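One-letter residues, chain by chain:
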Amino acid sequence: MANLSDRSVRQDYSPALDLSTEPDQRMVRAIRPETVIRSHRIATMSGETGYGLVDGWVAIGGGRVLAVESGEVPTSWCDLDSGVESVDARDRIILPGFVDAHTHLVHAGSRENELAMKLADVPYLEILAKGGGIHGTVRLTREATKEELYRKAAKSLDVMLEHGTTTVEAKSGYGLDLVTEIKCLEVARDLDRTHPIDVISTYLGAHAVPKEYNGNTRAYMDFMMKTVMPFVRQEGLAEFMDVFCEAGVFSPEETFELLQAGHGMGFGLKLHADEIVPLQGAELAARMNAVSADHLLAASDEGIAALAEFGVTAVLLPGTSFYLMTGKFARARRMLESGVRVAVASDYNPGTCPCENLQAIQVFACMGLRMTPEEILRGMTVNAAHALRRADSVGTIEPGKKADLVLYDAPNPDWLVYHFGSNPVDVVYKSGRVVVRNGRRTT
Ligand code: IZC
Ligand code: ZN
């Protein structure tokens, strides 16, 4: 068997299947394996609970996982002339690539200038109402060129990839006008095509009422529904839409109207719900059959029950709860006990969570949300895939799924959550191709 460190990077990658569709298992069996990786701890994340640990091997080819089996690799596969690359990762654990189901990836600038206000206990919504916060980032994003936005977001994606994330949701919402919203969504689309990470776009024009519509939310909503949303759909620039349903931003009634219009145009629905002020956002998400309801710090008991009943994934963002400095976290335990599917995401954005690294979020999920390592790692893989309607292609290591695998220098999966501050990622495979080695991007 070859050693991990002396393998050459496979460059001749060409997917044998259309990776965007659900795999046909007969076709999967017909694909020639390219690589087989042996590990004592493959956390497949398959099954209803647990890690689905396998002491065995995973075979990949054509960008897909072809087999996950226990025991030693069959000798025929290790033959020198079989053409199958054999990787000894017995001192590594393997997990599916993380799926980050909530980010505000594309934006210009940063907001460290707000730290003094935060430390003086000026609330987030007050900074926003004074024209700071999101509005400050909107000003800079409108001024930025497409290339500048692309370069900054690509750098963030590199950090994500090097920390084990292979699929990312990216919201617009720092342009608000037509030109800048389209510019940001085009950047996300270009990154999806050029960067190893899969980028899934969400239109979040309803992130704030822009200054040119100040005091005229009605006119801004009409502009979004009549002009921007149809254009975004027509150009195929976003699969989902989202609304920041919050006191002083968009009311539940306005959110309902926007989501209803979006649903009619074919958007999948997401919602910033009950983050700061309780507005029955969780109930609204359930009523609208949203794919996910995100934040949920102020969700009611009825709202939580409704999420469970209607199968809406709760996307919890504990890095943001920490950064808001209110001491409040979502009631994850109640959600889990109520049968809600819980995902955990970064909320990477310049205001309330300037952090691309999902590993850093794990410690807040554990100590703040009081989720177990297993719940957190499921929340960043299989459950996060559900929050993006990608459970058929990513989030678990199973035959037919994308070969998005992360090899960690760690003794077991619990350790990943328990230990923080350093990066145990060794190798990342994205669609079967090595894109990170020794924790650094290779291509
Ligand atoms: O830039 O403040 N909550 N949107 C809703 C954000 C945080 C991002 C920001
Ligand atoms: Zn957000």
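This write-up is about the structure you can find in this document. (Residues numbered from 1 in each chain as written. Chains lettered and ligands numbered in written order. Predicted model: local features only at pLDDT ≥ 70, side-chain atom pairs only at ≥ 80, totals over all residues. Heavy atoms only, no water.)

What to know about the overall build of the protein chain
Each helix and strand counted, the protein chain has 17 helices and 17 strands in total. Relative to the compact-globule value of 22 Å for 443 residues, the protein chain shows a C-alpha radius of gyration of 22 Å, a close match. Expressed as a percentage of the 443 residues in the protein chain, the buried residues total 58%. Counting contacts in the protein chain only where the partners sit at least 6 residues apart, residues at least 24 apart contribute 71% of the total. When the accessible surface of the protein chain is split by element, carbon and sulfur atoms take 50% of a total near 17400 Å². Placing the 45 positive and 59 negative side-chain charges of the protein chain at their respective mean positions leaves the two points 2 Å apart. (Helix = DSSP H or I, 4+ residues; strand = E, 2+ residues; numbered from the N terminus. Rg over C-alpha atoms; globule rule 2.2 N^0.38 Å. Buried < 20%, exposed > 50% of the residue type's maximum accessible area, 1.4 Å probe, protein only. Contact = heavy atoms within 4.5 Å. Areas by Shrake-Rupley, 256 points an atom, 1.4 Å probe, with all protein chains shown as cover. Lys, Arg positive; Asp, Glu negative; His and termini not counted. Charge placed at Lys NZ, Arg CZ, Asp CG, Glu CD.)

Describing the packing of helix H6 (residues 146-162) against helix H7 (residues 178-194)
For the pair H6 and H7, the least separation of the axes is 10 Å and the interaxial angle reads 50°. With respect to H7, the axis of H6 lies oblique. Viewed along their axes, H6 and H7 form a crossing whose handedness is right-handed. Along the contact surface, H6 presents Lys146, Leu149, Tyr150, Ala153, Ala154 and Leu157, while H7 presents Lys183, Cys184, Glu186, Val187, Asp190, Leu191 and Thr194. (Axes fitted to C-alpha atoms, helices over the stretch in contact; angles between N-to-C directions. Parallel < 35°, antiparallel > 145°, perpendicular 65-115°, else oblique. Left-handed = near helix turned anticlockwise from the far one by under 90°.)

A closer look at helix H11 (residues 301-310)
Within H11 the residues assigned to the buried category are Gly303, Ile304, Ala306 and Leu307. Relative to the axis of H11, the buried residues are bounded by an arc of 160° and lie together on one face. Every exposed residue of H11 that faces more than 90 degrees away from the buried side is listed here: Glu302 and Glu309. Gly311, located one to two residues past H11, shows a positive phi value of around 65°. (Arc of directions from axis to C-beta.)

Here we look at the side chain of Arg111
Tracing the sequence through the fold places Arg111 in the loop between strand S6 (98-100) and helix H3 (115-119). Every residue in contact with Arg111, bar those within four places of it in the chain, is listed here: Tyr124, Gly133, Ile134, Thr137, Pro350 and Gly351.

Considerations on the site of ligand 1
If you check the shell around ligand 1, you find His104, Arg111, Tyr124, Ile134, Tyr174, His207, Phe244, His272, Glu275, Asn349 and Thr352 and nothing else. The separation between an oxygen atom of ligand 1 and a polar side-chain atom of Arg111 is 2.8 Å. Here Tyr124 contributes a side-chain N or O atom positioned 2.6 Å from an oxygen atom of ligand 1. With the chains in place, 100% of the 260 Å² that ligand 1 exposes on its own is no longer accessible. (Near = heavy atom within 4 Å. Polar contact = N/O pair within 3.5 Å; in protein donor to acceptor, adjacent residues only side chain to side chain.)

Structural notes on the coordination of the zinc ion (ligand 2)
For the zinc ion (ligand 2), the full set of protein donor atoms is His102 (NE2), His104 (NE2), His272 (NE2) and Asp347 (OD), at a range of 2.0 to 2.7 Å. Because the angles between the four donor atoms bound to the zinc ion (ligand 2) fall within 77 to 164°, the donor set is best described as irregular. Read in sequence order, the donor residues coordinating the zinc ion (ligand 2) give the pattern H-x1-H-x167-H-x74-D. Given a relative accessible area of 0%, His102 falls into the buried group. (Donors = N, O, S within 2.8 Å, 3.2 Å for Na, K, Ca; no water. Tetrahedral: all angles 85-135°; square planar, octahedral: opposite > 155°, others 65-115°.)

Quick word on the pairing of strand S11 (residues 292-295)
As paired strands, strand S10 (residues 268-273) and S11 are joined by four bridges and run parallel to one another. In the sheet register, Leu271 faces S11, and the bridge partner there is Ala293. Alignment of S11 against strand S12 (residues 313-316), held across three bridges, turns out to be parallel. Bridge pairing in S12 links Ala293 to Ala314. For the crossover from S11 across H11 to S12, the handedness is right-handed. (Pairing = 2+ DSSP bridges. Right-handed = clockwise from strand over helix to strand, strands pointing away.)

As for the sheet that holds S12
Reading across from one edge, S6-S7-S8-S9-S10-S11-S12-S13 is the order of the eight strands in this open sheet, with parallel pairing throughout. The open sheet has two edge strands with one neighbour each: S6 and strand S13 (342-344). Neighbour-to-neighbour, the strand axes of this sheet turn through a mean angle of 25°, independent of strand direction. In the sheet, strand S8 (residues 198-206) pairs with strand S9 (residues 240-243) via three bridges, with the strands oriented parallel. Residue pairing for S9: Tyr203 is matched across the bridge by Met241.

Observations regarding the pattern of salt bridges
Counted under the stated rule, the structure contains 29 salt bridges. Across the pair Asp242 and Lys171 runs a salt bridge whose closest N-O atoms are separated by 2.8 Å. With Asp242 in strand S9 and Lys171 in strand S7 (residues 165-171), this residue pair connects regions lying 71 residues apart in the sequence. For the pair Asp242 and Lys171, a shared accessibility class is recorded, and that class is buried. With its nearest N and O atoms 2.9 Å apart, the salt bridge here joins Arg331 to Asp301. Of this pair, Arg331 sits in the loop between helix H12 (318-324) and helix H13 (332-337) while Asp301 sits in helix H11, placing them 30 residues apart in sequence. Because the salt bridges share partners, they merge into one network encompassing Asp91, Arg92, Asp409 and Asp426. (Salt bridge = Lys/Arg side-chain N within 4 Å of Asp/Glu carboxyl O.)

So, the nonpolar core
Counting residues in each nonpolar core, the largest one holds 102 residues, and the members touching the most others are Phe250 and Leu296. Counting only domains with at least three residues in this core, you end up with domain 1 (7-17 + 98-386) and domain 2 (31-96 + 397-441). Leaving out residues up to four positions away in the same chain, Leu296 has contacts with Ala273, Asp274, Glu275, Ala282, Leu307, Ala314, Leu316, Ala330 and Met335. Ile397, Ala403, Tyr429 and Val434 belong to the second-largest nonpolar core, a separate cluster that totals 17 residues. (Core = buried A, V, L, I, M, F, W, Y, C linked by side-chain atoms within 4.5 Å. Domains from an automatic or database assignment.)

Treat this as a map of the structure, not an account of what it does.
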